[in-house]
Amino acid sequence: MQHESTHESESISNKVRKLIPTCCTNFSRNTSMHDKLDSITAKLKDLVEEKAALGLSVTEDSRPRNNNNNNNRRFQSSVVDPSSIVGRQAQKEAWLQQLLLLGDAPCDQKFSIVPIVGMGGVGKTTLARLLYDDQQVKDHFELKAWVCVSDEFDSFRISKEIFQSMANKEVSDFNRLQEALRDHVRDKKFLLVLDDIWSENYADWETLVRPFYTCAPGSRIILTTRKDQLLKQLVYNPQNKQLHSLSDDDALSLFARHALGVNNFDSHLSLKPYAEGIVKKCGGLPLALIALGRLLRAKKDEVDHWKEVSNSEIWRLKEVLLWKAEGFLHQPTPSGSTEEHLGHGFFDELLSRSFFQHAPNNESLFVMHDLMNDLATSVANEFFLRLDNESEKNIRKEMLEKYHHMSFVREEYVTYKKFEPFERAKSLRTFLARSVGTTESRRDFYLSNKILTDLLPQLPLLRVLSLSGFEISEVPESIGILRHLRYLNLSRTTIKHLPETVCKLYNLQTLILCGCKELTKLPNNLQTLEICSILMLGTPRFCFRCCQG
């Protein structure tokens, strides 16, 4: 028995050694690294033993991978509870008139488009549901269909769902499908909802609606979208079809429903001032109000928590998340507290000691006094570099290997030559773009793609990467190499999607995507990362925080 136990132990040790690269095992017995490796080996050995005890095994996933990026979005249906909707009655009546009365369809078409245009989270789909479910609409149209399109405009899939909904039949051939759809709508008045349109391709649109020329006059297609390019090609003025945010009173009522389960704050007067502050920050966006209301529902007796949410500035939050990513908050915290709470405490302490000061013209922003800034720069001089035109001339290349943190000011054109020396900065933890002044939001800034593809992969220890505000349309696949990255800020860029390799950033804590107006999809497996904070919805004025993990 002892021989078998010893043999099994040796086998486990061998397995553990295989997990450790040989480059990490060729140390002499006298190095301090040897003790650390022994400790790591012991932990891995315990994990292997625990795996065996639980009967776990590594298997290949034989299931076909689903390449559909929008499955969850496409599960959106037309079903709605009208009693749960707040503040959309007037808008419903206005759009209802467009559906039921003879509209402004082009003279060569028997159907017309009824667009609902607006930013994400404003309630376009909700309004479409209210219209689709209205009894007058049901009585007015002979045929109805609802299809969630999302970013992949697949004419065959959409046509198939339309026909299946209208005729309760399936046709597998696209040509036969179009013929069947043409015959089925002949001389009939139909209502079609195409929810969440992203495509700007007029040819795709023409293919989809080609069978509808046989329909009865007065047919309608409700089209919900954030983007207006297709509408302009269809000769519709998007400005006349905009769905705006909720009024302050309606927003407060919606927030109360989801935070308290009632229509107002009359029975929770102590929370009302903070609720009004939260509602103001949400800018009347129903999606944000609902999400924040649900988050606060479990804390309706904790006035201090509501006060903290109401008073928190996004600038302060980002600073705390930066500290967290750098490891500055990694210390024992009181029971029930978090590193972020600790960070906010530090921030308040520094604010009370005038290390930070409220900006003169904007109480939500903070500045440092010149003397305090000079002192901090002097103290951090050995491991921090602020790159500007003057410091570029004085960079000592031998010092670059020692720097841990680097920030630089956004310029109209940032070239690779500016950062070429940083190929030697293998210890760099921070790569941070920053702004000067408050007027730069009206300017465009461009970053050399070579910095993204060639330089960043050579900085393997990066914990913080902020490229906020640059005209970056694509994030390279090589982002997945930065395994130590904890903080990634791509806010106010022009990215359309994030590569799947982002899901390899196992240490990522914070992902900031505020103001990314072109962003259409996130990686499929993003939920597998234990990201603490995703700041993503809305504009720089309002950035909603999602908590995950």
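The structure presented is a predicted model; accordingly, all values stated were derived computationally and were not measured.

Explanation requested: empty space enclosed by the protein in the structure shown.
A water-sized probe rolled over the atoms picks out the places where empty space is left. A complete count under the given rule lists one cavity of 30 Å³ or more for this structure. Approximately 90 Å³ is the volume attributed to the largest cavity. Lining the largest cavity are 14 residues, and of these Leu-452, Leu-456, Val-475, Pro-476 and Ile-479 lie nearest its centre. Looking at the lining of the largest cavity residue by residue, the classes come out as twelve nonpolar, one polar and one charged.

Explain the side chain of Arg-220 here, please?
Within the secondary structure, Arg-220 sits in strand β4 (residues 219–225). Under the relative-accessibility criterion, Arg-220 is labelled buried at 3%. Within the structure, Arg-220 has its side chain in polar contact with the side chain of Ser-112 (distance 3.1 Å). In this structure the side chain of Arg-220 is engaged in a polar contact, spanning 3.1 Å, whose partner is the backbone oxygen of Gly-218.

Hey, could you run me through the nonpolar core in this one?
Nonpolar side chains tend to gather and get buried jointly when the protein is soluble and globular. Among the nonpolar cores identified, the biggest contains 43 residues, and Phe-419, Phe-422 and Phe-431 are the most heavily contacted of them. Listing elements by their share of this core, those giving two or more residues are β7 (384–387), β8 (405–409), α20 (416–419), β10 (430–434) and α21 (449–455). At three residues, the largest contribution of residues to this core is made by α21. Excluding residues that lie within four positions of it along the chain, Phe-419 makes contacts with Leu-387, Met-406, Phe-408, Val-414, Phe-431, Ile-451 and Leu-455. Among the nonpolar cores identified, the runner-up in size contains 38 residues, and Leu-243, Leu-271, Leu-285 and Trp-306 belong to it.

Honestly, the pairing of β4 in this entry has me stumped. Any pointers?
On a regular strand, one side chain projects to one face of the sheet and the next to the other, so that they alternate. Here β4 lies mainly inside the structure; seven of its seven residues are buried. Inspection of the sheet shows strand β1 (residues 111–117) paired to β4 by seven bridges, in the parallel sense. Note that in β4 the partner of Pro-115 across the bridge is Leu-223. Sheet topology places strand β3 (residues 190–197) next to β4; five bridges connect them, and they run parallel. Bridging across to β4, Leu-194 finds its partner in Leu-223. With respect to chirality, the unit in which β3 leads through helix α9 (residues 202–209) into the neighbouring parallel β4 is right-handed.

Help me understand the sheet that holds strand β2 (residues 143–150), please; the structure alone is not making it clear to me.
Strands belonging to one sheet form pairs held by backbone hydrogen bonds; the direction of such a pair is parallel or antiparallel. The strand order across the open sheet built from four strands is β1-β4-β3-β2, with neighbouring strands paired in parallel fashion. With partners counted over all chains shown, the strands left at the sheet margins are β1 and β2, one partner each. The average angle at which neighbouring strand axes cross in this sheet is 15°, direction not considered. Examined bridge by bridge, β2 and β3 share seven bridges and lie parallel to one another. Looking at the pairing, Lys-144 lines up with Leu-191 of β3. Contacts from helix α5 (residues 124–133) reach β1, β2, β3 and β4 within the one sheet, and its direction differs from that of β2 by about 170°. Lying over the sheet, α9 contacts β1, β3 and β4, oriented at roughly 145° with respect to β4.

Cut-offs applied
Residues numbered from 1 in each chain as written. Predicted model: local features only at pLDDT ≥ 70, side-chain atom pairs only at ≥ 80, totals over all residues. Heavy atoms only, no water. 1 Å grid on protein atoms, 1.4 Å probe; cavity = no way out; pocket = protein on both sides within 12 Å on 5 of 7 lines; lining within 4 Å. Points joined across faces, edges and corners; volume = space filled by probe spheres on them. Nonpolar A, V, L, I, M, F, W, Y, C, P; charged D, E, K, R; others polar. Helix = DSSP H or I, 4+ residues; strand = E, 2+ residues; numbered from the N terminus. Buried < 20%, exposed > 50% of the residue type's maximum accessible area, 1.4 Å probe, protein only. Polar contact = N/O pair within 3.5 Å; in protein donor to acceptor, adjacent residues only side chain to side chain. Core = buried A, V, L, I, M, F, W, Y, C linked by side-chain atoms within 4.5 Å. Contact = heavy atoms within 4.5 Å. Pairing = 2+ DSSP bridges. Right-handed = clockwise from strand over helix to strand, strands pointing away. Axes fitted to C-alpha atoms, helices over the stretch in contact; angles between N-to-C directions.

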